[in-house]
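# Architecture at a glance
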Amino acid sequence: MHAPGSGLIGTPHPRLEDPRLLTGRGQYLDDHAPAGCVHAVFVRSEHAHAEILAIDVSPALAATDVLDVLTASDLDALGLGDLWPNARTNPHTGEPFRFEPMPVLARGRVRYVGEPVACVVACSRDAAADAAALVDIDYAPIAAAATMTSALAADAPAICAAAPGNLCMDWFTTAPREDEDAVDRAFAEAAHVVSLDCHNHRIAAQPMECRGALGEFDAQTRRYTLTLASQNVHSMRDHLRGALGQSQPVHGGAPARKSFPDLRVLARDVGGGFGSRNFVYPEYAAVLVAAERLGRPVKWVASRSEACMSDHPARDATLKVSLALTAEGRFLAMRADALFNAGGYMTGVACGVPTGQYMAAPSTVYDIARVALRLRVVLTNTVPIGVTRGPGFAETVDPLERLIDKAARELDIDRLELRRRNFVRTARMPWRNAAGTRIDSGDFQACLDKALAHADVGGFAARAAEARERGRLRGYGVACHIKGTGGSPEENVHFGFDFNEGAGERSERLVFTTGTQAIGQGHETSFRQIVATLFGVPMSAVAYRAGDTALIPFGGGHGSSRATFMASQAMVYAAKAVIAKGRRVAADLFEASPGDVRFESGEFYVDGTDLRAGLFDVAREARALGSSLDTYQHTIRDELTWPNGCHVAEVEVDVETGQVELLRYTTADDHGVMVNPMLVSGQAHGAIMQGAAQALLEQVQYAPDGQLLTGSFLDYAMPRAADLPPLDLHFCPTRCTTNPLGVKGAGEPGAIAGFPAVQNAIAHALDVSPDALRGAATPNRVWALMQRSAVPSVDTGT
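Since this is a predicted model, take the numbers as computed values, not measurements.

Further remarks concern empty space enclosed by the protein. Sizing a probe to match a water molecule and rolling it over the atoms shows the empty space that remains. In this structure the tally under the stated criterion is ten cavities of 30 Å³ or more. Lining the largest cavity are 15 residues, with Arg-315, Phe-340, Val-353, Ile-385 and Gly-386 positioned closest to its centre. Broken down by secondary-structure element, the contributors of at least two residues to the lining of the largest cavity are strand S14 (331-343) and helix H10 (352-357). In this structure, the second largest cavity occupies an estimated 80 Å³ of space. If you trace the second largest cavity, you find 13 residues lining it, with Leu-83, Trp-84, Val-280, Thr-347 and Gly-348 closest to the centre. Considered class by class, the residues forming the lining of the second largest cavity number nine nonpolar, four polar and no charged.

Quick look at the sheet that holds strand S28 (residues 727-731) now. Strand order in the open sheet formed by four strands is S18-S26-S27-S28, and the pairing between neighbours is mixed. The open sheet has two edge strands with one neighbour each: strand S18 (472-482) and S28. Strand after strand, the sheet turns through a mean of 15° between neighbouring axes, direction not considered. When strand S26 (residues 644-654) meets strand S27 (residues 660-670), the two strands line up antiparallel, connected through ten bridges. Across the sheet, the residue bridging to Ala-649 is Tyr-665, located in S27. On top of the sheet, helix H18 (residues 677-696) reaches S26, S27 and S28; it is set at about 125° to S28, its chief contact.

Quick look at the sheet that holds strand S25 (residues 631-636) now. Taken in spatial order, the four strands line up as S21-S20-S19-S25 in an open sheet, and their pairing is mixed. Looking at strand neighbours, the two that pair on one side only are strand S21 (542-545) and S25, the edges of this open sheet. The average undirected angle you get between the axes of adjacent strands in this sheet is 20°. The pairing of strand S19 (residues 490-500) with S25 spans six bridges and is antiparallel. Opposite Asn-492, over in S25, you have His-634 as the bridge partner. Taken strand by strand, helix H15 (residues 523-535) contacts S19, strand S20 (507-514) and S21, and its axis lies near 135° from that of S21. Across the sheet, helix H17 (residues 615-624) is in contact with S19 and S20; its angle to S19 comes to roughly 85°.

Across the eleven residues of S26, eleven count as buried, placing the element largely inside the fold. Of the two faces of S26, the one carrying Asn-644, Cys-646, Val-648, Glu-650, Glu-652 and Asp-654 and the one carrying Gly-645, His-647, Ala-649, Val-651 and Val-653 are both buried. The pairing of S18 with S26 spans eleven bridges and is classified as antiparallel. Within S26, the position partnered with Ala-479 by the bridge is His-647.

Turning our attention to the layout of surface pockets. If you add up the space inside the second largest pocket, you get close to 540 Å³. Residue lining of the second largest pocket: 22 residues in total, with Thr-147, Met-148, His-199, Asp-316 and Thr-318 positioned closest to the centre. Among the elements that take part in the lining of the second largest pocket, S14 stands out by supplying three residues, more than any other. Within the lining of the second largest pocket, the residues separate by chemical class into five nonpolar, ten polar and seven charged.

For the rest of this paragraph, the subject is the environment of His-481. Relative to the assigned elements, His-481 resides in strand S18. For the pair His-481 and Asn-644, spaced 163 residues apart in sequence, the C-alpha to C-alpha distance is 5.4 Å. Not counting chain neighbours up to four residues away, the residues in contact with His-481 comprise Val-365, Val-397, Pro-643, Asn-644, Gly-645, Cys-646, His-647, Asp-669, Pro-749, Ile-752 and Ala-753. Reaching out from His-481, the side chain makes a polar contact with the side chain of Asp-669 at a distance of 2.8 Å.

Phe-460, Arg-463, Ala-464 and Ala-467 are the residues of helix H14 (residues 460-469) that are buried. Burial along H14 is one-sided: seen end-on, the buried residues are contained in an arc of 100°. For H14, exposure combined with an orientation more than 90 degrees from the buried face picks out Ala-461, Ala-462 and Glu-469. Buried residues along H14 sit against S18, S26, S27 and helix H19 (749-766).

Its location among the elements puts Val-298 in strand S12 (residues 298-301). For Val-298, a relative accessible area of 0% corresponds to the buried category. C-alpha of Val-298 to C-alpha of Val-38: the two residues are 260 residues apart in sequence and 5.0 Å apart in space. When residues no more than four places from it in sequence are discounted, the contact partners of Val-298 are Val-38, Ala-40, Val-121, Ala-213, Leu-214, Gly-215, Val-287, Ala-290 and Ala-291.

The rules behind these values
Along each chain, residue indices are assigned from 1 in the same order as the chain's sequence is written. A pLDDT threshold of at least 70 governs which residues receive local features in this predicted model, and a stricter bar of 80 or more applies before side-chain atom pairs are shown or counted, although totals over entire chains, interfaces and linings include all residues. To obtain the side-chain values, all non-hydrogen atoms of the structure were included, while hydrogens and water were left out. Of the grid points, spaced at 1 Å and generated over the protein atoms alone, those admitting a 1.4 Å probe that cannot get out make up cavities, while open sets with protein on both sides within 12 Å along at least five of seven lines make up pockets; any residue with an atom within 4 Å of a point is treated as lining. Grid points are joined across faces, edges and corners, and a volume is the space filled by probe spheres set on the points. To qualify as a helix, a DSSP run of H or I must reach at least 4 residues; to qualify as a strand, a run of E must reach at least 2; elements of each kind are numbered from the N terminus. Each residue receives one of three labels: charged for Asp, Glu, Lys and Arg, nonpolar for Ala, Val, Leu, Ile, Met, Phe, Trp, Tyr, Cys and Pro, and polar for the others, Gly being one of them. Note on pairing: DSSP must find at least two bridges between two strands before they are called paired. Helix axes are fitted to C-alpha atoms over the stretch in contact, other axes to C-alpha atoms as well, and angles between N-to-C directions run from 0 to 180 degrees. In what follows, a contact means two residues having at least one pair of non-hydrogen atoms within 4.5 Å. Here's how the labels work: a residue is buried when its accessible area is under 20% of the maximum for its type, exposed when over 50%, partly exposed in between, all with a 1.4 Å probe on protein chains only. N or O atoms within 3.5 Å of each other form a polar contact, as long as, within protein, one can give a hydrogen and the other can take it, and as long as residues adjacent in sequence are counted only when both atoms are side-chain atoms. Think of it as the arc spanned by the lines of direction from the helix axis to the C-beta atoms.

Take a look at the structure:
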């Protein structure tokens, strides 16, 4: 077998999927229209909080080409269940979270604008949309709580009977947990205490391809087939089974189905995910039921405005953080009081991020020996929250990096020096933090130094002086980041040999199947690079299959930078098993001992002889003997990987208008061994765009009554290419020891570090505290901040 890191691993191989995708041969959801396909449109709540008094669907049913209209009462009569979250209990304490599962269609009450109330199915999308407008719903509005502050107020409306005070969770913990008084002692003994209050505001993922689903039902085999744009088809299958069958309680004690239909879920090409496609949505169950009732395929594709009001957004956390320091600026302890907005229902991992990934708050690049956390998850009358790149870690890095800048201001210590004094040193790796989490590798000091050198921080003073002459204020910000690769801890792969001997031609392929699907990251290329390297065969001889629950028993999908880390681990172990089988077959072929058979560069051979046989020849021989080299491998993750690094942003602020221009962006990141550096760079570009856009442009906003104010791209400011400068990307890899290839994961750092780096740069330019700015740095907000902070005008001499 090739040694890890040799062969094609580490080469910037062009994406194999691009010729298909760029020439219009991609197969996205809306490209599929099976014979007899009809269309669904959802009637959505216009109220953020209201009782449903009555629903009259008769005018819609009477409309031309309308085939069916579904409401909650129809689904209840069929014995459908509700949609339960992925995370239901605190993994540290076993305490159940407080919630009610989400109905597929609103039952009795609506909790947010855009909640689906009815599903209209017609022969065409236009006919369904016209009929949807005829569904008459009698609402009795209830006071809405559109913010966490209003939801926690004494007079707040009760959103969920199972969550008193609108709290799904209220948990206090310390790290280390054995000494709960250690944090109090550290703060009492500290020479300095610095505090910061910030809000990591709500953002929308906005994938290029809008969400949708195609439901089919085969009455003979009693099997549902759901085609959708998803990041994780196996998770969708498992959680939809709870609604379609009897793996979860059914509302109202409806009778159990006598025969539970099978469910196949598949996703072909997917136009982006960014976390918003990780968890199940009510529309998916509805189209399947509609397909079963009608005996025809039913397709639904969201409009962009529907996506704005129904796709899971992310972030939306208010954080009060304090840091205890010695007189020399050494970090002693940290306290955090964090509020996480769950939205109208607790879905997905709304409580899993705070108790799981945010609980990694001690997992910073800094040595903070003691941490105390109070974590609360709040229901509000807004769209249920999901995840996007860097969940939990983004909400950790943002306040901490701002807090360090604030501490440097108050202690009169250089902000870069303050970071250097508190880095975890490389010599201490592997290092266990306060929570006991093991971080295996990293050189945080090297990342900072490399980023600063390439950002030319030494030349900043001259650039700032020149900017002032033009009537602008210039600043730069730094954010150091780290991210544990999370997601499902299990993965599986299958290697199979496919031979085509027809028509006088002979072809051979190594078919690689995994539960980790591609949604645009380039896995169709990078996974082939790994397989080709492990077996010493050409990439053209490797076929990649994924995104279909019928292909492999389960899968962890794509999320939390897990894909390459988890899939490659399974690949390595499976390849070893294939080669071990091949040695035994080759030994019989060579009439040699299996211990004398070697494998290298795609061939089995015996040292010192001319006995050689290629991998595919041995696979054919095995099949002829009635055996096979085909191999299935299941793996469970023991530890995370920890990509990390440093990002430096440089901005200019127009003092007359408050307009911020991002001029320079430099990174030095550690992704361990990079399978394809070109793909890593591409992922970095996209993540930085998301992080910078959160800092400057993007923000989901609601009116006090819960009406969505950012329901289209006219109101929700998406970044454009001109909003980002040329990116200066650099790498300082340290080999990961928790993965056999040494890979760490990539794709999230920019979304984690970009927000605080850019906002720290703005604070530096204006010479204000890093917590002075809340929300996206729009010109209006920055101008208002300058007025409040008495930022002096710039005299250009004109």
